[in-house]
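Observations on chain architecture
The chain contents come next:
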Amino acid sequence: MSWIVLHFIGIISYSATGAFVALEARFSFIGVYALGFITAFGGGLIRNLIIGVPATELWEHSAIFTVSITLTIIILIPLKWIDHWRRWGLFFDSIGLASFALQGAMLASEAFSNDLGLMILAALFTGVGGGLIRDTIAGRKPLALKEEIHAILTILCAIPIWFGWSSPIELTLIVLIVIAIRMSAIHYKWRLPLPCHYDENSRSQIPLNLVMLFKKAVRKSSSKNGK
């Protein structure tokens, strides 16, 4: 599978996620087209503003045609297919995440002579920007802010480009690695071991433990006073 094929799968998957979010939010067909195009091109628009590339560079006829056809098909299919999409949505979304992040890193590398900082920013906003705008418009918590690995993988996509990876085989390998890591992270619920990460059980146990210690202290003091 060549890089071009993977990139267009990414465009299709990102526009499709926007469309399905619109359907779940009960938007009209206009909303389906709006969220689909926003998800597909929103990240690239933010990226171009950051690196100073004209927004008109986004309007490739092949990409616009692909998104339009994808959204039209989604509007015409039965709603029950949404449940089937959810099973594979994260898989195809991972392809879009990697291909968009790589595209952002490569454009920043060409514009700023391999500046790693700008490549990371371009990869990050290209990969998650469209999804952030989509979820905000739909009134949902942005997936990129809830799922750590989502944003981390876009940053990691910039590093191989900084080292000079550019062949279709190398780019395809990066996409496959991103898919494997993200799907594993979702399945095994990986999170960074930060102090702010604790589950609801530990949250509920903290005040309970304090109450038990307080009761024990009261009992000891009362028993001493009784003696």
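Preceding block: the structure.
Computed from a prediction, not measured in an experiment: that's the story for all the values here.

A few words on a nonpolar patch on the surface. A surface patch of nonpolar side chains, amounting to about 990 Å² of accessible area, comprises L156, I159, W162, F163, W165, L173, I177, I181, Y188 and W190. Mapped by element, the contributors of at least two residues to the nonpolar patch are α7 (148-162) and α8 (168-188). Counting residues per element, the nonpolar patch draws most heavily on α8, which supplies four residues. By the element assignment, W165 lies in the loop between α7 and α8.

Attention now goes to the environment of W81. Note on placement: W81 falls in helix α4 (residues 81-111). Along the chain, W81 and F20 lie 61 residues apart, while their C-alpha atoms are 10.0 Å from each other.

In the structure shown here, the tally under the stated rule is five aromatic pairs. Residues Y188 and W190 carry aromatic rings whose centres are separated by 6.0 Å and whose planes lie at 15 degrees to one another, so their mutual orientation is stacked. With respect to class, Y188 is no different from W190; both count as exposed. Three or more aromatic residues link up through ring pairs in this structure, and these residues are F37, F41 and W59.

Before going further, it helps to examine helix α2 (residues 29-51). Under the 1.5 Å per step criterion, the end-to-end length of α2 is 33 Å for 23 residues, consistent within 8% with the ideal 33 Å. A bend of about 45 degrees at F41 is the largest found in α2.

What follows covers the environment of L35. As for its position among the elements, L35 is in helix α2. Judged by relative accessible area, which is 2%, L35 ranks as buried. Spatially, the C-alpha atom of L35 lies 9.8 Å from that of L71, the residues being 36 residues apart in sequence.

Procedures and definitions
Residues numbered from 1 in each chain as written. Predicted model: local features only at pLDDT ≥ 70, side-chain atom pairs only at ≥ 80, totals over all residues. Heavy atoms only, no water. Patch = residues over 30% accessible without salt bridge, like charges linked within 9 Å, V, L, I, M, F, W, Y side chains within 5 Å. Areas by Shrake-Rupley, 256 points an atom, 1.4 Å probe, with all protein chains shown as cover. Salt bridge = Lys/Arg side-chain N within 4 Å of Asp/Glu carboxyl O. Helix = DSSP H or I, 4+ residues; strand = E, 2+ residues; numbered from the N terminus. Phe/Tyr/Trp six-rings, centres within 6.5 Å; stacked < 30°, edge-to-face > 60°. Buried < 20%, exposed > 50% of the residue type's maximum accessible area, 1.4 Å probe, protein only. Expected span 1.5 Å × (residues − 1). Bend = angle between axes of the 7 residues up to and from the residue.

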